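Read off the chains here:
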Amino acid sequence: MSYVLLPDQLRETADRVKAFLQKEQGLRKVQIEAAIDDSINWRPTLSGATSDHHIVCVEVTSGGYTNAFDHAVIQCTTAGLPVRFYIAYSDDEMTGEHFRKTFDNARMRGVGIIEVKGKTCTIVHRAVELSLASVRRVDRPRLKQKYRQAFSDAEETFLGGDPPKGCLRVFEELETLSRKFVQKGNAEGWWNPAFKQKQIDGPWATLMMEVVKQMDSSLSKIKKDCPKFDASLITTIHGLTKQRNESGHKPKTRAALIKRDRELRTRFEHAVDVFMDFQDATSSLRL
Amino acid sequence: MNPSDPSHVSASAAKLQQIPLKQISRNPDNPRILFRQQEMDELLDSIQRWGVQVPIAVYKKGRGYVLIDGERRWRCCMKLNLEAIPALVQEEPDRLTNILLMFNIHGLREQWDLLTIALKLREIIALIEEETGQTPTEGELSDKAGLKRGVIRRCRLLLALPSRYHEMILKELSKPKSQQVLTEDFFIEMERALTTVERAMPEVIPNRDAVRRVLISKFRDKIIDNRVHFRKIAKIARARNVEGNVSSATQALERLFERNDYSIEQAFEDSVSGAYHERDMLTRINSLIDRLRGIDPRSLDDELLEALRELERVAERLTGGGPR
C-alpha cells in the first residue's frame, strides 16, 4: 500500500523511517496510513505491532506537534492503548523555534521524536508507552530529599516501558522503610515479644503479618513516639506485600496488555501514596 | 445543450448522503496536486472540532464514488479515521465536464495554485480541440472554466516556461507560503519583463533561458530584492517611448543580464530614470494646467490664490522670466 494522505514532499522521509522501524526497531510489518483502533481519530503515517503486542506509530510531518495530533495522543492515553507515538521529521524541514515547540509539546505528552538526516534516522527523544503515560507523577517535593532520586528512577523506569520494574522500585523503598520501622520498634520496646533479627530480615509479608497481629497491644506505645501514626497503614502495607513479588506474566494478547498496564498504573500510584503517608506518619522517628 | 457546459450537470438533482470514506477515491483530474501541511493541519483541527460543515461532491462510479470537490476534506476525514462524510452525489460527468466542474466550483471559492490551474488548462484546451476541432479563444476558455481572462493570460505565461521551471515552482509551492521565494508571481513578472525586452530590444536577449538563469540567481542572492522591480526592466526596454537614451538603456540591460551584482534598480537609475522622471513631471504639469484652465477666477479662495502666485514665481525662476 502506498501513501494517499501524506504530502508528496514527505514521502522520502517516511520511506526512510519505515526502513528504520523494520531494520532497527524490529517491526516485521509496517502499515501505511492505517487505523490503529476504531476509537482513535487518527491514522498515523506508519504503524506496526511489536512481538509483545505494543503498537509503534510514527507521524511523519513538517508541521510539528499540531492540535489535531495532540487530540489523538490524548485519546490513546485515555483509552490506555499500549502505543508508542513518534513524530518524525527531516532535519531540513524543522529548525529553531518550530523544533523547540514541537519537542516541548511532544515530550510533555510522552511522544517521541525521530530525526531523519540524510539516510540516517535517530531517535532524539524516546516515546513513552501511552498506556502508562497517564500515571500520576510522583510529587517529589513531598518526599524527603534522600528518597527523591529513587522515586525519580522508579517513575522513569515505569514510563520507560518497564512498569513492573518501576512498581518494584517503589515496593523496595516501602519494604526498606517498613523494616526500619520494625527495627526502631525493637529499640523503643513497642513489641511484645520483640522481633528477632532473623524475623526482621526474613520475608517481608510474614514480618508485616506479625506487626499487624501486635498492633492492638503496641499502638498506644507507638503513638507516644509517633503521634501521626495510624494502624491502618500497617494493614495497607501488609496488603501490598502480596504485590511486591508479583513479577507478572508476559501478556499474551493486546487486551491482556492493556489490562495489565491499567493495573500497574493503579498499583504504582497506590504504592507511592502509601509510601508518602507512611513516611509522613513516621517522620518523627527519623528512620 | 452543450455537453461540455458544466451547467448541464445539475447540482439541484444531487442527493445528500453520508458516504463511507473507503468507498470514495480521489479524482485523477483534480488540478489541485499540492496539499500544504500547514493548511491541512488547520483543516484537520477545524473538522475535529466542528465536523465537515460543507458536503463534498462526488459522482458514482461502479461500486464506489469519485470526488468532484472536497479532496482536502476527504483527506482530513481519512486522517481523522472517521467513517463517513456528507456528500452530494451527482451524475457521472464526461471528462471535460468533470474538469470544468472542478474549475467552476473553485472559481467561486478560494483559488488553487496558479501553476496547477495552468497545467490542467492545457488539458482542457486539448479536450475542447478534440471535441470541437477548434482551439478555444481566451473568452471561450474564460466562460467554460469560470476563470478571468487575466488568470488565463497568467497561466499561459507559466505554460510557456520550460518544464524544469514547472518542477521548480511545484517544489516551491509545497513549502508554507511564508517560505516560498521563487513563486508563480516571480516567474510571471520576469516573463512579462523579458517579453517586453524581446519586443523592444531583441538584440539584448540572445538566449532567453540564460537570462532567466541569471535573474533567478540574482533574486536568490537578493541582488534583486523585489519581484515588482521586474517592471522596471520593461521600462528600460521602452526607453525610446520616453525619449530616453536607447544606447545607455541597452548597455544597462546587457549588464543586468550578466552574472554580477548589478541590480535592476541600479540599471534603471543608470539608464532611463531621468527620462521617466521628466515624463512624469510633464504629465503632472499638463494635468494641472488642464485643471487650472477650467477654474473660474472668482471661485479662488485666498489659500489657492497664494499657492498659484508661488507657482508663478517658481515657474518664472525656472524659465528665466524672473530672478534666479
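This is a predicted model, so every value here is computed, not measured. (Residues numbered from 1 in each chain as written. Chains lettered and ligands numbered in written order. Predicted model: local features only at pLDDT ≥ 70, side-chain atom pairs only at ≥ 80, totals over all residues.)

(A) Spatial organisation of the overall build of chain B. Within chain B, the secondary structure is distributed over 14 helices and five strands. Considering only residue pairs separated by 6 or more positions, chain B has 74% of its internal contacts joining residues 24 or more positions apart. (Helix = DSSP H or I, 4+ residues; strand = E, 2+ residues; numbered from the N terminus. Contact = placed C-beta atoms within 7 Å.)

(B) Quick look at helix α2 (residues 71-79) of chain B. Here α2(B) has its buried residues at B:Arg73, B:Trp74, B:Arg75, B:Cys76, B:Cys77 and B:Lys79. Phi turns positive one or two residues past the end of α2(B), at B:Asn81, with a value near 55 degrees. (Buried ≥ 20, exposed ≤ 12 C-beta atoms within 10 Å, placed from the backbone.)

(C) Up close: the sheet that holds strand β3 (residues 56-61) of chain B. Residue and element names in this part refer to chain B. With mixed pairing, five strands are arranged side by side in an open sheet as β1-β5-β3-β4-β2. Among the strands making up the open sheet, the edge pair consists of β1 (15-20) and β2 (24-25). Bridging between β2 and strand β4 (residues 64-69) involves two bridges; their strand directions are parallel. Across the sheet, the residue bridging to Ser-25 is Val-66, located in β4. Helix-sheet contacts for α2 involve β2, β3, β4 and β5 (84-90), and the interaxial angle to β5 is about 150 degrees. (Pairing = 2+ DSSP bridges. Axes fitted to C-alpha atoms, helices over the stretch in contact; angles between N-to-C directions.)

(D) Region of interest: the nonpolar core. Of all hydrophobic cores here, the largest spans 134 residues; its most connected members are A:Val17, A:Tyr86, B:Val58, B:Ile236 and B:Leu253. Leave out the neighbours within four places in its chain, and B:Leu253 touches B:Val197, B:Met201, B:Val204, B:Ile236, B:Ala237 and B:Ala267. (Core = buried A, V, L, I, M, F, W, Y, C linked by C-beta atoms within 7 Å.)

(E) Layout of the interface of chain A and chain B. Chain A puts 16 residues into the contact, and the matching count from chain B is 13 residues. Across the side of chain A that touches chain B, the residue classes break down as six nonpolar, eight polar and two charged. (Nonpolar A, V, L, I, M, F, W, Y, C, P; charged D, E, K, R; others polar.)

(F) Representation of the confidence of the model for chain B. Across chain B, pLDDT averages 88, with 93% of residues at or above 70. Interface confidence for the predicted complex, given as ipTM, is 0.74, next to a pTM of 0.65. (pLDDT = per-residue confidence, 0-100.)

(G) Quick look at helix α10 (residues 230-237) of chain B. Residues and elements named next belong to chain B. Most of α10 is tucked away, with six of its eight residues classed as buried. Of all the residues in α10, the buried ones are Phe-230, Lys-232, Ile-233, Lys-235, Ile-236 and Ala-237. For α10, the elements touching its buried residues are α8 (184-200), α11 (246-256), α12 (264-271) and α13 (273-293).

(H) The sheet that holds strand β4 (residues 83-90) of chain A, seen in detail. All names here are of chain A. Read from one edge of the open sheet, six strands run β1-β2-β3-β4-β5-β6, paired in mixed fashion. Strand pairing shows two members of the sheet lacking a second neighbour, β1 (31-32) and β6 (120-125), which therefore form its edges. Of the pairings in the sheet, the one linking strand β3 (residues 55-60) to β4 comprises six bridges and is parallel in character. Each bridged residue has a counterpart across the sheet, and for Val-56 the counterpart in β4 is Arg-84. Sitting on the sheet, helix α1 (residues 11-23) touches β2 (46-49), β3, β4, β5 (112-117) and β6, and the angle it makes with β3 is about 160 degrees.

(I) The pairing of β5(B), seen in detail. Residue and element names in this part refer to chain B. Sheet topology note: the β1/β5 ladder contains six bridges and is antiparallel. Bridging from a neighbouring strand, Pro-20 pairs with Ala-84 of β5. As judged from the four bridges shared by β3 and β5, these two strands associate in the parallel manner. Along β5, the bridge assignment pairs Tyr-59 with Gln-90.

(J) Here's a closer look at the packing of α11(B) against α12(B). Residues and elements named next belong to chain B. Contact geometry of α11 with α12 gives a least axis separation of 9 Å together with a crossing angle of 165 degrees. Judged by the inter-axis angle, α11 sits roughly antiparallel to α12. Taken as a pair, α11 and α12 cross one another with a handedness that is right-handed. Across the interface between the two elements, Ser-248, Ala-249, Ala-252, Leu-253, Arg-255 and Leu-256 from α11 touch Ile-264, Ala-267, Asp-270 and Ser-271 from α12. In terms of residue class, the contact of α11 with α12 is made up of six nonpolar, two polar and two charged. (Parallel < 35°, antiparallel > 145°, perpendicular 65-115°, else oblique. Left-handed = near helix turned anticlockwise from the far one by under 90°.)

(K) Quick peek at the packing of α8(B) against α10(B). All names here are of chain B. For the pair α8 and α10, interaxial distance at closest approach is 8 Å and the crossing angle is 5 degrees. With respect to α10, the element α8 is oriented roughly parallel. Residue-level inspection shows Glu-189, Met-190, Arg-192, Ala-193, Thr-196, Val-197 and Ala-200 of α8 in contact with α10, the latter providing Phe-230, Arg-231, Ile-233, Ala-234 and Ala-237. Across the contact of α8 with α10, the residue classes break down as eight nonpolar, one polar and three charged.

(L) Structural context of the confidence of the model for chain A. When pLDDT is averaged across chain A, the result is 89; 97% of the residues are at 70 or more. At the level of individual helices and strands, chain A shows its lowest average pLDDT in helix α3 (residues 96-109) of chain A, which scores 79, and its highest in β1(A), which scores 96.

(M) The arrangement of unusual backbone geometry in detail. Residue A:Pro193 follows A:Asn192 across a cis peptide bond; omega there is 0 degrees. Of note, A:Pro193 is situated in the loop between α6 (163-188) and α7 (197-201). One non-glycine residue, A:Arg286, lies in positive phi territory at about 50 degrees. Accessibility expressed as a C-beta count within 10 Å gives 8 for A:Arg286, which makes it exposed. In this structure, B:Glu243 takes a positive phi of about 55 degrees despite not being glycine. Checked against the element boundaries, B:Glu243 lands in the loop between α10 and α11.

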